[in-house]
Amino acid sequence: MADNRYQERLSQLVEPGERVLAIAKTEIAQGARPAEMPATDSPESSSGGRGGILASGLLNLISPLISFSAGDRLVDRVAYGIAGRGAPGSAASALQHSRRPVPPATTVEDTILAVTDRRLLVCASGPMKLWSSQADDERAAAQTRVVWSAPRAAVADARVGWHRLNPKRLRIRFTDGSWLAFVVPIAESGKPLREIAAALTDR
């Protein structure tokens, strides 16, 4: 079931007459990802999910930065597989960059995907606490903002399927050939991801 905390906020962020069709709280999958965007002085994003930060941080400490010719870090590719592909500036690269941590990454924000009748939206919540109350969660949801968007016509395909041990993995492929995967924790329902896929492909 989609996270209802974000439903009201998303309806405030869309354009007049634009309808929200599906919402999913998710995070970009761990693994080898699209090429990084060129560095900017004022990146517009913040960190992804809590689990991703802890896992990637630990792996960075205990593993060498061995890379393939395409730029993949060996530890990401071996441990998680491939989570996306795309050249710098591609849709997947830009989407990924929108959720890149802003140094110093001292806060955690939820990543929310939303599909409207016009666009695919990537949103970030307000700062989340590790041990949060309902009031904290509602406050973070109320601070949700759009950090990246693309017309629905830019999405070539979206589907949810198995990847290794995780059956809840959404892969969004764009018309420029790039793609990026999203996941939810094993213990959570994959229905919101399926609703995102259905909304993107039902035209």
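Caption draft 1: Expanded view of the overall build of the protein chain. Counting its regular elements, the protein chain contains six helices and eight strands. Listing the helices and strands of the protein chain from first to last along the sequence gives α-β-α-α-β-α-β-β-α-β-β-β-β-α. As displayed, the protein chain offers around 10500 Å² of accessible surface, 57% of which is attributable to carbon and sulfur atoms.

Caption draft 2: Local environment of the packing of aromatic side chains. This model, assessed by the stated rule, comprises one aromatic pair. Their ring planes at 80 degrees and their centres at 5.9 Å tell us that Trp148 and Phe174 sit as a pair that is edge-to-face. A residue pair is termed long-range when its members are at least 10 positions apart, and Trp148 in strand β5 (residues 145-151) and Phe174 in strand β7 (residues 166-174) qualify at 26 residues. A cation over an aromatic ring shows up here: Arg171 above the ring of Trp179, its NZ or CZ 3.8 Å from the ring centre.

Caption draft 3: A look at the pattern of salt bridges. Across all of its chains, the model carries seven salt bridges by this definition. Glu109 is the partner of Arg145 in a salt bridge, and the nearest nitrogen-oxygen pair spans 3.2 Å. Placement of Arg145 in strand β5 and of Glu109 in strand β3 (residues 108-116) is noted, with a sequence separation of 36 residues between them. By relative accessible area, Arg145 is classed as partly exposed at 29%. Each of the salt bridges in this network shares a partner with another, and the network as a whole consists of Arg99, Glu109 and Arg145.

Caption draft 4: Representation of helix α4 (residues 91-98) in the model. Of all eight residues in α4, eight are buried; the element is thus mostly enclosed. For α4, the complete set of buried residues consists of Ala91, Ala92, Ser93, Ala94, Leu95, Gln96, His97 and Ser98.

Caption draft 5: Main features of the side chain of Glu18. On the secondary structure map, Glu18 appears in the loop between α1 (7-13) and β1 (20-28). Under the relative-accessibility criterion, Glu18 is labelled buried at 8%. Engagement of the side chain of Glu18 in a polar contact is seen with the backbone nitrogen of Glu15, the distance being 2.9 Å. Within polar-contact distance, the side chain of Glu18 engages the side chain of Arg119 at 2.9 Å. If near-sequence neighbours (up to four positions away) are discounted, Glu18 is found in contact with Thr116, Asp117, Arg118 and Arg119.

Caption draft 6: How the structure looks around the environment of Thr107. On the secondary structure map, Thr107 appears in the loop between α4 and β3. A residue is classified by how much of its surface remains accessible, and Thr107, at 34% relative accessible area, is partly exposed. Sequence separation between Thr107 and Pro127 is 20 residues, and the spatial gap between their C-alpha atoms is 5.8 Å.

Caption draft 7: Inspection of the nonpolar core at higher detail. By size, the foremost hydrophobic cluster in this structure holds 29 residues, and its most contacted members are Trp148, Leu170, Ile172 and Phe174. Looking at this core, the element that brings in the most residues is helix α6 (residues 191-201), giving five residues. Those residues in contact with Phe174, other than ones at most four positions away along the chain, are Ala91, Ala92, Leu95, Leu120, Trp148, Ala154, Val155, Ala156 and Trp179. Core analysis: the second largest hydrophobic core is formed by 11 residues, Val14, Ile23, Leu121 and Cys123 among them.

Caption draft 8: View of the pairing of β3. Most of β3 sits out of view: nine of its nine residues are buried. Two elements, β1 and β3, share six bridges in a ladder whose sense is antiparallel. From the neighbouring strand, Ile23 faces β3, where its bridge partner is Ala114. Bridge count between β3 and strand β4 (residues 119-128): seven bridges; the pairing is antiparallel. From the neighbouring strand, Thr111 faces β4, where its bridge partner is Ala124. Linking β3 back to β4 in an antiparallel pair, the connection comprises two residues.

Caption draft 9: Just helix α5 (residues 134-142), in detail. Where α5 is concerned, the buried positions are Asp136, Asp137, Ala140 and Ala141. Each buried residue of α5 sits inside an arc of 135 degrees when the element is viewed along its axis, so together they form one side. Buried residues along α5 sit against α1 and β4.

The rules behind these values
- Residues numbered from 1 in each chain as written.
- Predicted model: local features only at pLDDT ≥ 70, side-chain atom pairs only at ≥ 80, totals over all residues.
- Heavy atoms only, no water.
- Helix = DSSP H or I, 4+ residues; strand = E, 2+ residues; numbered from the N terminus.
- Areas by Shrake-Rupley, 256 points an atom, 1.4 Å probe, with all protein chains shown as cover.
- Phe/Tyr/Trp six-rings, centres within 6.5 Å; stacked < 30°, edge-to-face > 60°.
- Lys NZ or Arg CZ within 6 Å of the ring centre and 35° of its normal.
- Salt bridge = Lys/Arg side-chain N within 4 Å of Asp/Glu carboxyl O.
- Buried < 20%, exposed > 50% of the residue type's maximum accessible area, 1.4 Å probe, protein only.
- Polar contact = N/O pair within 3.5 Å; in protein donor to acceptor, adjacent residues only side chain to side chain.
- Contact = heavy atoms within 4.5 Å.
- Core = buried A, V, L, I, M, F, W, Y, C linked by side-chain atoms within 4.5 Å.
- Pairing = 2+ DSSP bridges.
- Arc of directions from axis to C-beta.

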